[in-house]
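Analysis of the macromolecular model
Residues per chain are reported as follows:
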Amino acid sequence: MQSVRRSGVVASALRLASRHKKHFIPEHDDPLRDMLDEDTDHQTAAAMRLEKLDKILTEKTANGLVTIDPAEKVNLVKEKRIDGLMHRVEERIERTHHYYSCMALTVFISFFVLVMALQNDVGMAFSIEKTMLDTVVGDLDTETFALKSTDEFFTWFGDNIVDRIFRDPICGDGVCEQPHEFPSVGRFGCEIDCGKYLKQTTISIKLETFPGWSQAAQGQWDISRIRRRVNPDYRWNIYSETIGAFLFEEDQLPDATIVTDVPDGALTLHMYQTEIVSTQVDDKSIYDYLFMTKNTLPQREASTDFDFGDKREAIAAGAILMRQIFDYCFGGGMSLDDLDNFDMNCFNPEQDTQIRIMGSYGLKGTITTANGTRDKTILTEVDFCDLLPNGVVGLIDPANKAYIQTAAVDCDTVRRSDTSSVGISGEEEEEPSAEALAPLAPLAHAAAAGWLASQELTAEERERVVGAVQAALGPAAQDSPAARALKQFLVPIFGPCLSHAECYQSQPDRFMGFPGQFCDAAGTCNICSNCQLDGVHAINGICPQSFCPGSGNYPACINAEELARNWTCPATKAFGVWNYHPPGARVDVKEEPAPVPRFVTPYNRLVGPVMLTQIRRGNGQCDQVINEEVQKFSRLDKCIGTRRDGTPYGLDPAFLPTSAEYDGKLAPEAFYVAGERVQVNFTRQTADGERVTTQEATNPIGFFPHQYDSLTHADKESGLIWERDRDAFKQYFDERVTATRARSMLNYLNDGRWIDDETTNVEVELVTFNANLNRFTYVQFKFEWQAGGSIHWDYKLQAIAMDIYDVDWGTAQLLAELLCIIMLCANLLTEIRDIIISLRIFQLRQYVMSPGNFFDWAHFILMTASWIAWLNHWHKTSSFSMKASYPVLTDISSSARYFTADPQLELEYLELMDEVRKSAGMMEEYSALSSICIVLFVLRMLKALDFQPRMGVVTQTIAHSLVDVVHFLFLWCLVFVGYACVGTLLFGHQFRSMSDLQKSFTTLANMILTMDRNEFYSQMAHSAPGWSFHLYLWSFIILSFFLLINIFLAILVDSYATLKSKTDVSSTVYDELMELAWDWFRWLTYPKTRFMSDERLMERLEQHKSGLPSTYQLRQAVVTSLDHKEQVLLPGGVEVGLHAMRRLCTDPADKAPDAPLPSPDQDDVSSDEEDDKDIEWASEREQDRVEDLVERYSEKVEHEEEELLGLIRVDGMKRALSLFRHQQWLLGKVSRLETLLARLAARLTTNKPLLPRMTSTKLLAKASKTVAKAHGLLRVTVVEARGLPLLDLMRSVDPYCLVFLADAHGEPGEVAYKTDVKKGNAPKWHEEFLFGISPRTISLCITLFDKDAVTEDDLIGSVQVTIGDLEPWADLEEWHTIVNTKIPAHKMHGAQLRLHVTRQPAEGDGPRPPAPRGGGGGAPRRNIRKLLA
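Residues numbered from 1 in each chain as written. Predicted model: local features only at pLDDT ≥ 70, side-chain atom pairs only at ≥ 80, totals over all residues. Heavy atoms only, no water.

This part covers the pattern of salt bridges. Throughout the structure, instances matching the rule amount to 40 salt bridges. Linking R92 and D1094 is a salt bridge whose minimum nitrogen-to-oxygen distance equals 3.0 Å. Remark: D1094 occurs in helix α32 (residues 1094-1105) and R92 occurs in helix α4 (residues 78-119); sequence separation between them is 1002 residues. Between E562 and R565 there is a salt bridge, with its nearest N and O atoms 3.2 Å apart. (Salt bridge = Lys/Arg side-chain N within 4 Å of Asp/Glu carboxyl O. Helix = DSSP H or I, 4+ residues; strand = E, 2+ residues; numbered from the N terminus.)

See below:
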């Protein structure tokens, strides 16, 4: 008891010393004080140490570690021994169970991680996804994730999708790539790679225009020499159904014979008019030359510039050709070089030429097999598009004139002259001058000579005619046209006339087919074919039917619509060649377009097409505009609507002349119905002057929603519509197309304005498959057109496996998954058992409030959810199926409507895409849940390791600091929310990273963690005024970084330090695991008679306890004893020695049946007094077993007692040192008081210099004797310094010097001086000090410090001067290098101190110079105020 009291006194004394240590320990710099301050300066640390010491003493007293007097042990009962030992065994068993739980959890984690690795090969997925991402992303901005314009989208898609995936076949690479390469047929196919198609037929095509045909036609007028600068410019080509393309790459010109080879199959001749002529001639010119009145002219109905067979074009082409004939004949068009070849057709009857011209539109010719002239077969014939029954023969066919008469209309007198102005663009319209007509006189002479040669006249009559012509067509014939001159030479033959009867009626007329003449309006005889307009041509206004039957009655005004009422002019002509196959049979020159392997990256093949999906929002009202004036301004604006819009829009670029995809030969009605074309209102004026408005279809619409079927031109059936995308606009880049075609399709989208002002979202989706790795990859790029004008983009990439278990490791994966599920169920059952136990003992609230249990249940729930997600993924992938190919487009080479998709094939592809998309989403969801499960595994492991003091320090630190951390987080959130709101309002309008609160939080966190000014400085600085930006930035950095983060770390460090000090004496995990492994090894290998496990010992103790009384009385006497025995000390001072342990671990059933039972007073009590050395062991195994048990449960005792003794010794020593230092502090105070009184007295009584202030206070009493006892004096002047380094980031250097003398061991002398504190890195002091040199002094030391008012002063460096190197009485002034090895050399470069040093030896040591320095007698020049201070 006395030792206990003494221990309590020691603890009390130490505690009292801790409370008052600041009064005992002097406040001077001293090595001893530094040693004491390590443990005693900090009030909290000292209090904790004393509390720990007091706790250990109390526990050892209560638990009997301060052992009980052996004389009183006889009063202890057996139950105390058994209960205490059972408590130890339970602790050990519980610790073992904790380790087993940790091992089981480790196995669980390992299996789960193994399962995840087997389910999703991360390395394999990375090799696919990273390559895919780098390839497809291309030049997209991955920092802002924004596009600058819509054009950037098309550029990205063309460069990174089209150009990377699609390619053109290469002819000559030795590979015949069907269907794009096939045996050559004409210009098609690749003969080098695929050979030549042999079953071909040679055909000959000869198509002519009207001028070209007139040159070869016998008895017709040859007008091929007429200059025709304006003409329809006909072209033709032949389309082969077998090849699926036109035979000629360029459309062919007519009037030439073309020979080519064709395969068997249906052929179609296509004719085009490549020049629009209706816009180059006005209505008046048409009337002047064709008598067709203006109001009856048909409008041009052709939908393209290359349309063939338009009525207005045919009429305009005829009018232009008539004008060109007149110019040729009478406008200087004929050549004057060959007068003998005058074209007599120029003098044909005008109406005959007019009728022929009405039948001249189009092409005429035949297409035959070129098997030789004898055996050639006519495949098809083409004729001119005639407005009349047989217009090309002229007046000779009465049906032509009769047909014209049916279209006659009444009109006023129409007078027309040969010199009337004709409005034809590109043609000269000047009246031929007399100079131009004069050279025609010889032509008329030659024409007359030719005519005379064909007449049956006598020689006399011929001479008369020739003479008359020569006289009439001499130089004086400049006043009339050539036609009048030719008629005048006939006058002497037939003479002038006043009536039709006076004319020669036997004159042949080849244009009418019978002889006859009439008297024309000029009073001369003329052939009958020239009398067509009665009132104009005949002298009496009536053409004589008796002399000229069929003449006259030619209408002066013609109704063009009525004339062309039955006119048709087909632009195509179908025929066929069937030399090797039966007519109508299928002929395969090339294979059907089949899927071509397209690779996005090497080995990653495209599955199906690349799909583009657009979501549109219709234009809505700008309701957000409130101001009325602004409302008026915004009426023309288009605001984005809220509902999805599925209205067709855009145009087909194949019909837009401004597009590169434009093809003027295409007819919109061949691809689009009227409802699929833009409807436009046209207003026209009829013949009666009435204005009529009609709605007509013009340009075709380019894009239709998914729900529309472009094949049937109606909405799809409900079963073919993908409801999710009903109103979306989908376009497909089929895997069968070539690179050239894919580029054309991209131009189609761009030129057709697929993306316009109503576009809000565009998705690009594709699926790839890697056969080497058996992985599908789903790729999705999203582009969003935001209301502010920016285009934001994002992507999603996921590699997935569809064959989950059909792999080499599938069985192992399945077994591992089953084991994980079993372990999860076991964990759940264990946790449910814990809940039941908590309910039974009324501790459910404690169970619910435990954070560890929360982590357990969160883990169970998430893991269950992850397995459900995996099962869904397995179910989805197990039923996955796909086709060999997904050809979505109906025609990959269509001339228009490029993106027409087959509804059924499109639906199949959408189903595939949906399955892959869902599988990717399920796999992504499962990976996320599984990853969170691993995090929760870690938290559960921390909870499981909480029983081990060293391992549980993490969780205990969090728990210990939880309250402070919660308060800190509240302040942290308050600051972050405030600065995030300010940042969003201040910088969000320009700085994308702060455009909303979420981004502001992320940006602020990055600013603190990275401090990378390139991420935010420039953008933020330009988004707000400079002063507000800097105020915001620096206030946030100081508050968050320098204050809050350091406070947070301080909270954690303080809690960690507190808990760490408690675990210093705990055994390590390694030791405990090794002990556990050793026990397990002995349990397996040792026999039961040699080794007893903890569980067996617990069973034995329970057996012994079952026969004991239920109560006992503890007699406790605490004596001072720290002696160690090989025994187990239990609470209450109970000992368990070898004898007691032997009895306790022996099975009561093993005792002899006849052995007497000990009485309660004798059983095991007397045995405690027995010496353990006198035990008679039954065997060595029994001895080993009992000694192992005693050692197992007694190994802590010695360690804890030694710790207690060590603490007591250290505390006693520190207490003694504290008392000693307190005495020194008192002595220093007294000495300083004496020195101050002495100086004050000296100041009042004498003017002698005072000694400098000394920093070592205990030597102040000897200061007056220092100089007297010195072996000479040292006068030191600290002049200045330069090049001092900056030691603080936020302020300049504030240097001062400590000057003192040192001995050989570096110990400072009794006197030290301190200079004033200066500013800057080049301070100037000019302060002088005087030292007495002792025998041990060897060097002068000057140490420079940087004054810091907040923290400790920083050491700049030091300078040492060896006193032995100084010459007596020599003034030495020089710069000395300042040295500090702890500061980088580049910072100390140039740091120097300038000193002025003079050594004055003692008397007799050397001669004194004539005059002492300064004249001051050697006293230090110090201000008395500084000395007293």
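Right, let's talk about the state of the cysteines for a bit. Counted according to the given criterion, the structure contains 7 disulfides. Here C171 pairs with C190 through a disulfide, and the sulfurs are 1.9 Å apart. Measuring the twist about the S-S bond at about 90 degrees, one finds the C171-C190 disulfide to be right-handed. Of this pair, C171 sits in the loop between α6 (150-165) and α7 (191-194) while C190 is found in the loop between α6 and α7, placing the two residues 19 residues apart along the sequence. Its relative accessible area of 45% is what places C171 among the partly exposed residues. With relative accessibility at 1%, the residue C190 sits in the buried group. Bridging C176 to C194, the disulfide has an S-S length of 1.8 Å. When the S-S torsion is 110 degrees, as for the bridge of C176 with C194, the disulfide is right-handed. Here C176, found in the loop between α6 and α7, pairs with C194, found in helix α7; they are 18 residues apart in sequence, far enough to count as distant. (Disulfide = S-S within 2.5 Å. Buried < 20%, exposed > 50% of the residue type's maximum accessible area, 1.4 Å probe, protein only.)

With that out of the way, let us pick up a nonpolar patch on the surface. There is a patch of nonpolar side chains on the surface, built from Y100, M103, L1073, W1080, W1083 and L1084 and spanning about 630 Å² of accessible area. Mapped by element, the contributors of at least two residues to the nonpolar patch are α4 and α31 (1069-1085). A total of 4 residues in the nonpolar patch trace back to one element, the largest contributor, which is α31. Structurally, the position occupied by Y100 is in helix α4. (Patch = residues over 30% accessible without salt bridge, like charges linked within 9 Å, V, L, I, M, F, W, Y side chains within 5 Å. Areas by Shrake-Rupley, 256 points an atom, 1.4 Å probe, with all protein chains shown as cover.)

Turning our attention to the sheet that holds strand β30 (residues 1339-1346). Within the open sheet, the 4 strands sit side by side as β28-β27-β30-β31. Their pairing is antiparallel. Edge positions in the sheet fall to β28 (1308-1314) and β31 (1354-1362), since each has one partner strand and no second. The sheet shows a mean angle of 20 degrees between the axes of neighbouring strands, taken without regard to direction. The sheet contact formed by β30 and β31 spans 8 bridges and is antiparallel. The residue of β31 that forms the bridge with L1344 is G1357. (Pairing = 2+ DSSP bridges. Axes fitted to C-alpha atoms, helices over the stretch in contact; angles between N-to-C directions.)

It is worth spelling out the sheet that holds strand β33 (residues 1392-1400) at this point. In space, the 4 strands of this open sheet follow the order β29-β26-β33-β32, with antiparallel pairing throughout. Across the chains shown, the open sheet's two edge strands, defined by having one partner strand only, are β29 (1324-1332) and β32 (1372-1377). Strand-to-strand twist of the sheet, defined as the mean angle between neighbouring strand axes without regard to direction, takes the value 25 degrees. Pairing geometry for strand β26 (residues 1273-1282) and β33, over 9 bridges, is antiparallel. Paired with V1278 across the bridge in β33 is L1395.

Moving on to the packing of helix α5 (residues 122-137) against α6. Packing of α5 against α6 brings their axes to within 8 Å, and their N-to-C directions diverge by 125 degrees. One way to sum up the angle between α5 and α6 is to call them oblique. For the pair formed by α5 and α6, the contact residues are T135, V136 and V137 on the first element and W156, N160, I161 and R164 on the second. Tallied by class, residues from the contact of α5 with α6 come to 4 nonpolar, 2 polar and 1 charged. (Parallel < 35°, antiparallel > 145°, perpendicular 65-115°, else oblique. Contact = heavy atoms within 4.5 Å. Nonpolar A, V, L, I, M, F, W, Y, C, P; charged D, E, K, R; others polar.)

Here we take up unusual backbone geometry. The phi dihedral of Y603 is positive, around 75 degrees, even though this residue is not glycine. Take Y603: it is sitting in the loop between β12 (599-601) and β13 (604-620). A positive phi is found at H1326, a non-glycine position, where the angle reads about 55 degrees. Within the secondary structure layout, H1326 lies in strand β29. A relative accessible area of 54% places H1326 in the exposed class.

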